[in-house]
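# Understanding the architecture of this molecule
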Number of protein chains: 2
Amino acid sequence: MAGVDLGGTKILTALAGADGNIVRRVKVATGAARGLDAVLDRMVESVREAAAGVTLAAVGVGAPGPLDHTCGLVYDAPNLGWRDVPLGGMLRDRLGVPVFVENDANCAALGEYKRGAGQNCGHMVYVTVSTGIGGGLILDGRIYHGEAGGAGEIGHMILDPLGPPCNCGRNGCLEAFASGTAIAREARAARDGPLAGLETVTARDVAAAARQGDPQAGRIMRDAFIHLGRGLAAVITLLNPRLVVVGGGVMAGGSGFLGVARAEAARWTYGPAWERVEVVPALLGPDSGVVGAVALARRE
Amino acid sequence: MAGVDLGGTKILTALAGADGNIVRRVKVATGAARGLDAVLDRMVESVREAAAGVTLAAVGVGAPGPLDHTCGLVYDAPNLGWRDVPLGGMLRDRLGVPVFVENDANCAALGEYKRGAGQNCGHMVYVTVSTGIGGGLILDGRIYHGEAGGAGEIGHMILDPLGPPCNCGRNGCLEAFASGTAIAREARAARDGPLAGLETVTARDVAAAARQGDPQAGRIMRDAFIHLGRGLAAVITLLNPRLVVVGGGVMAGGSGFLGVARAEAARWTYGPAWERVEVVPALLGPDSGVVGAVALARRE
């Protein structure tokens, strides 16, 4: 089986053995600017390269944007410039095997559920804190999609309508407080300290400065994780999950702040729901998505 | 089949015909103060009275408090003074037929889903606005329970940690802003107008005054429904449901304000999720629970 994690900048493809463990990996640039066919060609080449000498039974794909997982139709993926792309069918025609497509956050949730921090916890919330904030819900042991594949949009729950502007056009979404974009925005606004005047500062720089003890960077990171905790509290109160798994690049760099999010979530979560839940970091790092894509192909 | 809606003040029991429609009803006081056995006796008598001359195959029960629906164990029902009561087993022993127990809000959700406003929408959120605020989630066509039967606690999502105190011991829960208790509290604080000085004013009085054009009562109701809309927005953004059904006594009296909640939810909900959802009043009124209990007995 093969899995493909299709991102806005790179395509990560993996071949798994009979036991589901990854035995080969291929990573290429997405090259979205060259158009749909060029991206499909790269995906197909990557799968063929990863699966060289092996007969594939199916391919799983994690793709950005809301999509219809039943037919593999991507509704809208701004990073790729795609609208209403029948990705599943187009890949199936090119590869000659069944192709199963899932939203990328759902795919990462599935990866962590099956082979990462999820430990097969049937009620699990996955949150990815990266450039934006996304989420995937594993409820009763299955990915929960909602009416139009849009379930899990944790990043767009509004914490404060008077908060900072969000990419979605509204104000005060969790993403506008706690994403990598938000952290970089706060750092750019810094007037002194090692971050001051760095126009190109990223969340990674802020996390690194915080780890080295810069108090301003620490304050920015802490504030982001406080808001993350508040958002998680609403999700935990509503869904009574066993586990919340937090992944994504910002989480990887700022894992020392997860305790801040946990403490804030404890204050805001309804007591009986808090008693049953653990909030833990993702285990698979950048592989969550591709591992989930393999699980998808295996119909796990 | 028979269904029982066990509440803190009354027990509503119904017999359904082969088509699932209710053909007979029995309503008695719960008499919780007399203790567990007395309440069980009343439930058994009610079922026997409702089912007189009919051979029952199973009984469904909606009961307050978080509970384990798989074995019918009620963890905690403060209104009844119950802790860890194996309600399902105790009723089965007395009635000699299988007994299926669900949380009351889940039961009402099931009732509306199967025979009310739900129209078999597989992704449906039910919210009851009454003395408190509860909720039930129908996801992928089934009741979603969460890890400890606690899913759907919409009333205890915190909207503002600086908000009014809630019965749960925290501040600013949706319930502390928009429940019947909250509406009555605001009315008691009124200094002039027809509500002033009424120590025993209820949410029903406020709703009635609002319908008769009292601006102060109208303001209190509007404020409650604005907060309801904000709470619904978080739920809709996270779950991408097709339908939100709002029931309960406060909703029944203040249905004219549902549009206020809808408008506020529209402002706060993530755009793609808002496109797919409708927010509608419950259709079954005080029968939602008992109709759901019948559906439970029928294993619908």
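Now for a description of the structure that goes with this document. (Residues numbered from 1 in each chain as written. Chains lettered and ligands numbered in written order. Predicted model: local features only at pLDDT ≥ 70, side-chain atom pairs only at ≥ 80, totals over all residues. Heavy atoms only, no water.)

## Comments concerning the overall build of chain A
- A tally of helices and strands in chain A yields 11 helices and 13 strands.
- By the compact-globule yardstick of 19 Å for 300 residues, chain A fits well, its C-alpha radius of gyration being 19 Å.
- Seen through its principal axes, chain A has C-alpha atoms that stretch 55 × 45 × 35 Å.
- When the accessible surface of chain A is totalled, it reaches about 11900 Å², and 49% of it is carbon and sulfur.
- In chain A, the 28 positive side-chain charges and the 29 negative ones have mean positions that sit 3 Å from each other. (Helix = DSSP H or I, 4+ residues; strand = E, 2+ residues; numbered from the N terminus. Rg over C-alpha atoms; globule rule 2.2 N^0.38 Å. Areas by Shrake-Rupley, 256 points an atom, 1.4 Å probe, with all protein chains shown as cover. Lys, Arg positive; Asp, Glu negative; His and termini not counted. Charge placed at Lys NZ, Arg CZ, Asp CG, Glu CD.)

## Some points on the interface of chain B and chain A
- Opposite the 36 residues of chain B that make contact, chain A presents 36 residues.
- Taking both partners together, chain B and chain A bury about 3300 Å²; carbon and sulfur atoms supply 62% of that area.
- On the chain B side of the interface with chain A, the three residues burying the most area are Tyr144(B), Glu147(B) and Leu238(B), jointly 22% of the side's total.
- In this assembly, chain B and chain A are joined by two salt bridges. (Contact = heavy atoms within 4.5 Å. Buried area = accessible area lost by both parts, 1.4 Å probe. Salt bridge = Lys/Arg side-chain N within 4 Å of Asp/Glu carboxyl O.)

## Description of unusual backbone geometry
- In the Ramachandran plot, Asp140(B) falls in the positive-phi region, its phi being about 50° despite a non-glycine side chain.
- Tracing the sequence through the fold places Asp140(B) in the loop between strand E10 (133–139) and strand E11 (142–143).

## Some words on the relation of the copies chain B and chain A
- It takes a turn of 180° to lay chain B on chain A, together with a shift of 0.0 Å along the axis; the resulting RMSD is 0.0 Å. Expressed as an axis order, the relation between the two copies is that of a two-fold axis.
- Of the interface residues in chain B, 100% have counterparts in chain A that sit at the interface too, so the contact is made through matching surfaces. (Least-squares fit on C-alpha atoms with pLDDT ≥ 70 in both.)

## A short note on the sheet that holds strand E5 (residues 67–68) of chain A
Residue and element names in this part refer to chain A.
- One open sheet accounts for three strands, arranged E5-E6-E7; its pairing is antiparallel. Of all strands in the sheet, those with a lone pairing partner are E5 and strand E7 (82–85), marking the two edges.
- When E5 meets strand E6 (residues 73–77), the two strands line up antiparallel, connected through two bridges. Within E6, the position partnered with Asp 68 by the bridge is Leu 73. (Pairing = 2+ DSSP bridges.)

## A word on the pairing of strand E4 (residues 59–63) of chain B
Residue and element names in this part refer to chain B.
- The buried fraction of E4 is high, at five of five residues.
- As judged from the four bridges shared by strand E1 (residues 2–6) and E4, these two strands associate in the parallel manner. Pairing of Asp 5 across the sheet is with Gly 62, part of E4.
- The pairing of E4 with strand E8 (residues 99–103) spans five bridges and is classified as parallel. Directly across from Val 61, in E8, lies its bridge partner Val 101. (Buried < 20%, exposed > 50% of the residue type's maximum accessible area, 1.4 Å probe, protein only.)

## Quick look at the nonpolar core
- Grouped together as the largest cluster of nonpolar side chains are 88 residues, with contacts concentrated most on Leu228(A), Leu239(A), Leu228(B) and Leu239(B).
- Not counting the four nearest positions on each side in its chain, Leu228(B) is found in contact with Val127(B), Val129(B), Leu174(B), Ala178(B), Val246(B) and Ala261(B). (Core = buried A, V, L, I, M, F, W, Y, C linked by side-chain atoms within 4.5 Å.)

## Section: helix H9 (residues 258–268) of chain B
Residues and elements named next belong to chain B.
- Every buried residue of H9 is accounted for by Leu 258, Ala 261, Glu 264, Ala 265 and Trp 268. Looking straight down H9, one finds that the buried residues subtend no more than 130° of arc, so they occupy a single side.
- On the buried face of H9, the contacting elements are helix H7 (215–239), strand E12 (243–247), helix H8 (249–253), helix H10 (271–276) and strand E13 (278–281). (Arc of directions from axis to C-beta.)

## Some thoughts on the environment of Val279(B)
- Looking at the element boundaries, Val279(B) is found in strand E13.
- What Val279(B) contacts, discounting residues up to four positions off in sequence, is Leu232(B), Ile236(B), Val244(B), Val246(B), Leu258(B), Arg262(B) and Trp274(B).

## Comments concerning the state of the cysteines
- Across all of its chains, the model carries zero disulfides over all chains by this definition.
- The thiol of Cys71(A) is not disulfide-bonded; the next cysteine sulfur, from Cys107(A), is found 16 Å away. (Disulfide = S-S within 2.5 Å.)

## Overview of the packing of H7(B) against H9(B)
Residues and elements named next belong to chain B.
- Here H7 crosses H9 at 45°, and the two axes come no closer than 7 Å. As summarised for this structure, H7 and H9 are arranged oblique, according to the angle between their axes. The hand of the H7/H9 crossing is right-handed. Here Arg 222, Phe 225, Ile 226, Leu 228, Gly 229, Arg 230, Ala 233 and Thr 237 of H7 come into contact with H9, specifically with Leu 258, Val 260, Ala 261, Glu 264, Ala 265 and Trp 268. (Axes fitted to C-alpha atoms, helices over the stretch in contact; angles between N-to-C directions. Parallel < 35°, antiparallel > 145°, perpendicular 65-115°, else oblique. Left-handed = near helix turned anticlockwise from the far one by under 90°.)

## Digging into the pattern of salt bridges
- All chains considered together, the criterion is met by 22 salt bridges over all chains.
- In this structure, a network of salt bridges that share partners links the residues Arg115(A), Arg298(A) and Glu300(A).

## Some words on the side chain of Glu112(B)
All names here are of chain B.
- Residue placement: Glu 112 occurs in helix H3 (residues 104–115).
- No salt bridge is formed by the buried Glu 112; the nearest opposite charge belongs to Arg 115, separated by 11 Å.
- In terms of polar contacts, Glu 112 uses its side chain to reach the backbone amide nitrogen of Leu 284, at 2.8 Å. (Polar contact = N/O pair within 3.5 Å; in protein donor to acceptor, adjacent residues only side chain to side chain.)

## Some details on the packing of aromatic side chains
- The final tally for this structure, using the stated rule, is two aromatic pairs over all chains.
- Against the face of Phe100(A) rests Arg299(A), its NZ or CZ located 3.7 Å from the ring centre. (Phe/Tyr/Trp six-rings, centres within 6.5 Å; stacked < 30°, edge-to-face > 60°. Lys NZ or Arg CZ within 6 Å of the ring centre and 35° of its normal.)

## Digging into the environment of Gly65(B)
All names here are of chain B.
- Among the structural elements, Gly 65 can be located in the loop between E4 and strand E5 (67–68).
- Expressed as a C-alpha distance, the spacing of Gly 65 and Gly 53, which sit 12 residues apart in the sequence, is 33 Å.
- Beyond its immediate stretch of four places on either side in the chain, Gly 65 contacts Asp 76 and Asn 103.

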